[in-house]
Amino acid sequence: MKARKPLVAGNWKMNGDIVSNEHLFTALRASLERASLPQVEVAVCPPYPYLGQAAAWLGDTGIAWGAQDVSAFGNGAYTGDVSAAMLVDLGCRWSIVGHSERRQLAGETDDQVAAKVSMCVAHGIGVIACLGETLEEREAGTTETVLGRQVDAIAASLVGAAQPLPAERIVLAYEPVWAIGTGRTASPETAQAAHRFVRERLVARGLHDAAAVRIVYGGSVKAGNAASLFAMPDVDGGLIGGASLVADDFLEICRAAAVA
Ligand code: PEP
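Just so it is clear, the model here is predicted, and its values are computed rather than measured.

### A closer look at the site of the ligand
Here's step 1: Around the ligand, a shell composed of 14 residues is seen, among which K13, E175, G181, S220 and G242 lie nearest.
Here's step 2: Interatomic distance of 3.3 Å between a side-chain N/O atom of N11 and an oxygen atom of the ligand.
Here's step 3: A total of 300 Å² of accessible area belongs to the ligand in isolation, and the protein chains cover 97% of it.
Here's step 4: Counted by class, the shell around the ligand contains 4 nonpolar, 8 polar and 2 charged residues.

Laid out in structure tokens, this is it:
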């Protein structure tokens, strides 16, 4: 068994409604309770309006819930934003930050992602910080340059914090952009190489407990490919998009993490 407890987190993206969520929460509760997988940490990240629903349905289970994003600012005149303090108020254990869809569609920069990481750290919210290269960047041979730049911004917020997050609340998600929602998964060897690079970079940037930080893989993880990815020494679970919306598939991915 790995020293780091794997994390499987579902990123529901902008999907669901009250009725369909209720079905999914019910199915997840039932199947994960039945499966009893104490070796894995499980979380789901529904859209903001349904975080209260997640709290109501998952509050008495071992399944955590989190947000898909957080404001880079504290409470105040930031119309449309949701602050870290509000996430704490709702019982969020985690927040995703820097997802490639936010970087691409909302133009989020490394500095903004770093500011969001700092907000999570300041409020004690576990952070799932995403990074990954585009297909063009991989084909141009600049994957490590891009990952290095993204890790440096995230690491600066983690290392410079007055009250740092414990290592078990820090997660980096390597999500190659070309693998997200495309059905084109990174090979286990490609993922491992990127994860090893990210971990070494965290050490180089002064995150001394980087060996205890989880680095999860995201990008078209399915029930059929999860086991081979999670078997890699530096792949500590997954951030799961599409497959997290189907309870049976998500459960199979959690099982794969449990035996990795
Ligand atoms: C994601 O959006 O974080 C993701 C990994 O999506 P998918 O699993 O659908 O590729």
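### Describing helix α10 (residues 247-259)
Here's step 1: Over its 13 residues, α10 runs 19 Å from end to end, which matches the ideal 18 Å to within 8%, given 1.5 Å per residue.
Here's step 2: Those residues of α10 that fall on the buried side of the exposure criterion are A247, F250, L251, I253, C254, A256, A257 and A258.
Here's step 3: Close packing links the buried residues of α10 with β1 (7-11), α1 (18-35), β2 (41-45), α9 (226-230) and β8 (237-240).

### Let's talk about the pattern of salt bridges
Here's step 1: Enumeration over the complete set of coordinates arrives at 19 salt bridges.
Here's step 2: A salt bridge links E41 to R214; the nearest nitrogen and oxygen atoms lie 2.8 Å apart. Note that E41 is positioned in strand β2 and R214 in strand β7 (residues 214-218), a separation of 173 residues in sequence. An identical accessibility class is assigned to E41 and R214; each is buried.

Criteria and thresholds
Residues numbered from 1 in each chain as written. Predicted model: local features only at pLDDT ≥ 70, side-chain atom pairs only at ≥ 80, totals over all residues. Heavy atoms only, no water. Near = heavy atom within 4 Å. Polar contact = N/O pair within 3.5 Å; in protein donor to acceptor, adjacent residues only side chain to side chain. Areas by Shrake-Rupley, 256 points an atom, 1.4 Å probe, with all protein chains shown as cover. Nonpolar A, V, L, I, M, F, W, Y, C, P; charged D, E, K, R; others polar. Helix = DSSP H or I, 4+ residues; strand = E, 2+ residues; numbered from the N terminus. Expected span 1.5 Å × (residues − 1). Buried < 20%, exposed > 50% of the residue type's maximum accessible area, 1.4 Å probe, protein only. Contact = heavy atoms within 4.5 Å. Salt bridge = Lys/Arg side-chain N within 4 Å of Asp/Glu carboxyl O.

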